[in-house]
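# Architecture and fold: a report
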Amino acid sequence: MAAPAAPGGSGPGTDSLLDQETARWLRWDKNPLTLESVKQLIAEGNKEELQKCFGARMEFGTAGLRAAMGAGFARMNDLTIIQTTQGFCRYLEKQFSDLKQRGVVISFDARAHPASGSSSKRFARLAATTFITQGIPVYLFSDITPTPFVPYTVLHLKLCAGIMITASHNPKQDDGYKVYWANGAQITHPHDKGISQAIEENLEPWPQAWDDSLLNGSPLLHDPSASISKDYYEDLKKYCFHRSVNKETKLKFVHTSVHGVGHRFVQSAFRAFDFVPPEAVPEQKDPDPEFPTVKYPNPEEGEGVLTLSFALADKIKAKVILANDPDADRLAVAEKQDSGEWRVFSGNELGALLGWWLFTCWKEKNQDPSALKDTYMLSSTVSSKILRAIALKEGFHFEETLTGFKWMGNRAKQLIDQGKNVLFAFEEAIGYMCCPFVLDKDGVSAAVISAELASFLATKNLSLSQQLKAIYVEYGYHITKASYFICHDQGTIKKLFENLRNYDGKNNYPKTCGRFEISGIRDLTTGYDDGQPDKKAVLPTSKSSQMITFTFANGCVATMRTSGTEPKIKYYAELCAPPGNSDPEQLKKELNELVTAIEEHFFQPQKYNLQAKAE
């Protein structure tokens, strides 16, 4: 979770609070760089900067922590990592009587912030030290790994918890602390509150907290790198269905890890599937915390991040580009079209392709129709409903969850524990769970499975784009459009959503949006759903975040929601047509008109002073 903004204003109250916090910092911080920078701010009397660093503590949420690196309790640094881990450790001791037998896993990405002496590796070592001083075994990776290796290790070694130090695709100054529970999925409520409270109770560093030399030669410290790597690729091989095709394919692939951790892991995944490894974008293949070639290290931003990939692919005549985000848990795919243009698939389009592919491969191996009744696919409520359409026609189960992989991972685990078979889960933010041995999104497995899909289609003279069209013809076109507005003021966001709940001044939701008639409303902030007999929503509700879904008479579904980690109000709209001959261009036109109406009537950017997404 991002650090909340510091409370504004100053005055005797604020000042004395600030003095108390900085005094604790000077007493506890043993990192010479952050300690010196705070001393300097105090000497300069720089209240404004001190307020930013100390005004509000980072809040531990279900996504753990995410904030800029630097000095102060509002930032990621040695001291806040020690405090967080002490709280997490005490919470785990309460929850697991066998914590000292089982232990935890810790890994890290390649982020670093030399000015504050911060790096993901340094944070991981300090976190490991905290557990070791309490007699708890730690499986600490000796080098960078993709995020999915942590949930994989938790399940594979039956550990109590996992910690991944990463800020994923955030800007370079950020870092984060992501937590997995013993079931191999990200934590959900109430664990976040329990951990948060335990952190507050354990703020003062324990006697040996700073001494990471304790790790050297400790019998409690294990390096799982070699064995986990070997076992992960062995498990991955079970999802290789066309080894002979992979061996002989003429299709060429380009891969970029966008200055993150993915390069050598995707190379290994390709070898495990008997592929020639993909050609790596040389300027981006090695980890670099500066991310020098991109404005944002996020392949979701599409073409800007892929410029170097397009150039390399054109040079070596590769048809498919695979792009991971810096911690390799997400994947973007682009394909050269006959027109010579590159097409970057949206998260929903790749979700349709991978869902269709994993079902097709599974069906070939499982001819018995009775196996369908125990087979499931999942996606989040703001993602395309294409899997629902495939499930309806093919006879397996589809379930939707709240937004975010913590929900899909936990639900998948429940289903697996009931003896069900979870084939696939995805979210539109380019996250895919293709292999349920990782109960989170995994960009490494998704990359190599996408490559096998493309290679198999090539033997039938089909491209990914052509297959996507065939899926839409068979199961019905699903046209999606998503974007966001930026708004830094929580009060304005609340006003905007309250206006939708009281659209006519009489506590009623809107009945139309421009010329479009609304047929259903679900509000997951208040728990209202007019599609249910008792008008109560089935999915869990949360008063702390805003989320309203409108169903329109023309078959469109649109959701407006706030983001947990960024100052954005997002919207997602999808028009679902029944199978058969639809005119996709006409559907696109209809959807665009509807989205324009939503922006104009529901967002009202002029009235609320919202900033549109920069195109």
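The rules behind the values
- Residues numbered from 1 in each chain as written.
- Predicted model: local features only at pLDDT ≥ 70, side-chain atom pairs only at ≥ 80, totals over all residues.
- Heavy atoms only, no water.
- UniProt positions renumbered as here; feature names shortened; annotations may be inferred.
- Phe/Tyr/Trp six-rings, centres within 6.5 Å; stacked < 30°, edge-to-face > 60°.
- Helix = DSSP H or I, 4+ residues; strand = E, 2+ residues; numbered from the N terminus.
- Lys NZ or Arg CZ within 6 Å of the ring centre and 35° of its normal.
- Axes fitted to C-alpha atoms, helices over the stretch in contact; angles between N-to-C directions.
- Parallel < 35°, antiparallel > 145°, perpendicular 65-115°, else oblique.
- Left-handed = near helix turned anticlockwise from the far one by under 90°.
- Contact = heavy atoms within 4.5 Å.
- Nonpolar A, V, L, I, M, F, W, Y, C, P; charged D, E, K, R; others polar.
- Buried < 20%, exposed > 50% of the residue type's maximum accessible area, 1.4 Å probe, protein only.
- Salt bridge = Lys/Arg side-chain N within 4 Å of Asp/Glu carboxyl O.
- Polar contact = N/O pair within 3.5 Å; in protein donor to acceptor, adjacent residues only side chain to side chain.
- Domains from an automatic or database assignment.
- Buried area = accessible area lost by both parts, 1.4 Å probe.
- 1 Å grid on protein atoms, 1.4 Å probe; cavity = no way out; pocket = protein on both sides within 12 Å on 5 of 7 lines; lining within 4 Å.
- Points joined across faces, edges and corners; volume = space filled by probe spheres on them.
- pLDDT = per-residue confidence, 0-100.

As annotated in an unreviewed UniProt entry, the protein chain is Phosphoglucomutase 2 from Myotis lucifugus. In the Sequence similarities (unreviewed entry) part of its UniProt record, the protein chain is described as follows: "Belongs to the phosphohexose mutase family." Regarding the protein chain, the UniProt comment filed under Cofactor (unreviewed entry) reads as follows: "Mg(2+)".

Moving on, we come to the packing of aromatic side chains. Remark: the centre distance and the inter-plane angle together describe each pair of aromatic rings, the angle taken between the planes. Scanning all chains against the criterion turns up 30 aromatic pairs. Centroid distance Phe550 to Phe602: 4.9 Å. Interplanar angle 40°. Geometry classified as tilted. Note that Phe550 is positioned in strand E22 (residues 547-552) and Phe602 in helix H19 (residues 584-603), a separation of 52 residues in sequence. Within the aromatic cluster, the residues linked to one another by ring pairs are Phe149, Tyr152, Tyr232, Tyr233, Tyr239, Phe265 and Phe437. A cation over an aromatic ring shows up here: Lys393 above the ring of Tyr475, its NZ or CZ 5.7 Å from the ring centre. Positioned over the ring face of Tyr484 is Lys568, at 4.0 Å from the centre of the ring.

Following both chains from N to C, one finds helix H4 (residues 78-95) and helix H8 (residues 191-200) inclined at 120°, their axes separated by 7 Å at the closest point. The angle between H4 and H8 falls in the class oblique. Considering the relative orientation of H4 and H8, their crossing is right-handed. For the pair H4 and H8, the contacting residues are Gln83, Thr84, Gly87, Phe88, Tyr91 and Gln95 in the first and His191, Gly194, Ile195, Ala198 and Ile199 in the second. Class assignment for the residues of the contact of H4 with H8 results in 5 nonpolar, 6 polar and no charged.

Here we come to the environment of Tyr608. Structurally, Tyr608 is set in helix H20 (residues 605-608). Using a relative accessible area of 8% as the deciding quantity, one classes Tyr608 as buried. The sequence separation of Tyr608 and Tyr472 amounts to 136 residues, and the corresponding C-alpha distance is 38 Å. Discounting residues that sit within four places of it in the chain, Tyr608 has contacts with Thr492, Lys495, Leu496, Asn499 and Phe603.

Within the structure shown, the criterion is met by 37 salt bridges. Where Glu93 meets Arg90, a salt bridge forms, and the shortest distance between an N and an O atom there is 2.8 Å. Residue Glu93 and its partner Arg90 are both found in helix H4; the two are separated by 3 residues, about one turn of the helix. Judged by its relative accessible area of 30%, Glu93 is partly exposed.

The next thing to look at is the side chain of Ser450. Inspection of the secondary structure assignment puts Ser450 in helix H16 (residues 443-459). A polar side-chain atom of Ser450 sits 2.7 Å from the main-chain carbonyl oxygen of Ala446. Dropping the residues within four chain positions of it, Ser450 is found in contact with Leu322, Leu331, Val333, Leu350 and Leu354.

Splitting the protein chain by domain gives domain 1 (21-229), domain 2 (239-475) and domain 3 (477-612). Averaged C-alpha coordinates put domain 2 and domain 3 at centres separated by 28 Å. Taken together, the contact between domain 2 and domain 3 spans 19 residues of the former and 16 residues of the latter. Carbon and sulfur atoms make up 58% of the surface buried where domain 2 meets domain 3, a total of about 1,500 Å² over both sides. Contact with domain 3 buries area across many residues of domain 2, yet Val382, Leu402 and Tyr472 alone supply 34% of it, more than any other trio.

With that settled, consider the packing of helix H13 (residues 347-365) against H16. Contact pair H13 / H16: the axes reach a minimum separation of 11 Å and the direction vectors enclose 75°. Between H13 and H16, the crossing angle belongs to the class labelled roughly perpendicular. For the pair H13 and H16, the contacting residues are Leu350, Leu353, Leu354, Trp356, Trp357 and Leu358 in the first and Ile449, Ser450, Glu452, Leu453, Phe456 and Leu457 in the second. Counted by class, the contact of H13 with H16 contains 10 nonpolar, 1 polar and 1 charged residues.

What the rule picks out here adds up to 2 cavities of 30 Å³ or more. Taken as a whole, the largest cavity spans an internal volume of roughly 120 Å³. Residue lining of the largest cavity: 15 residues in total, with Val382, Ser383, Tyr572, Ala573 and Glu574 positioned closest to the centre. A per-class count over the lining of the largest cavity returns 6 nonpolar, 6 polar and 3 charged. If you add up the space inside the second largest cavity, you get close to 50 Å³. Asp109, Ala110, Arg111, Ser168, His259, Gly260, Asp288, Pro289, Phe291 and Pro326 together form the lining of the second largest cavity. When the residues that make up the lining of the second largest cavity are grouped by side-chain class, the tally is 4 nonpolar, 3 polar and 3 charged. For the lining of the second largest cavity, the two domains that each supply at least three residues are domain 1 (21-229) and domain 2 (239-475).

Below, the discussion takes up the confidence of the model for the protein chain. The predicted model of the protein chain averages 95 in pLDDT, with 97% of residues at 70 or higher. A low-confidence stretch, residues 1-12 (pLDDT under 50), is modelled with 27 contacts involving residues beyond four sequence positions or located in other chains.

Glancing now at the environment of Asp19. Mapped onto the elements, Asp19 comes out in helix H1 (residues 12-28). Under the relative-accessibility criterion, Asp19 is labelled partly exposed at 47%. In sequence terms Asp19 and Ile42 are 23 residues apart; their C-alpha atoms lie 9.4 Å from each other.

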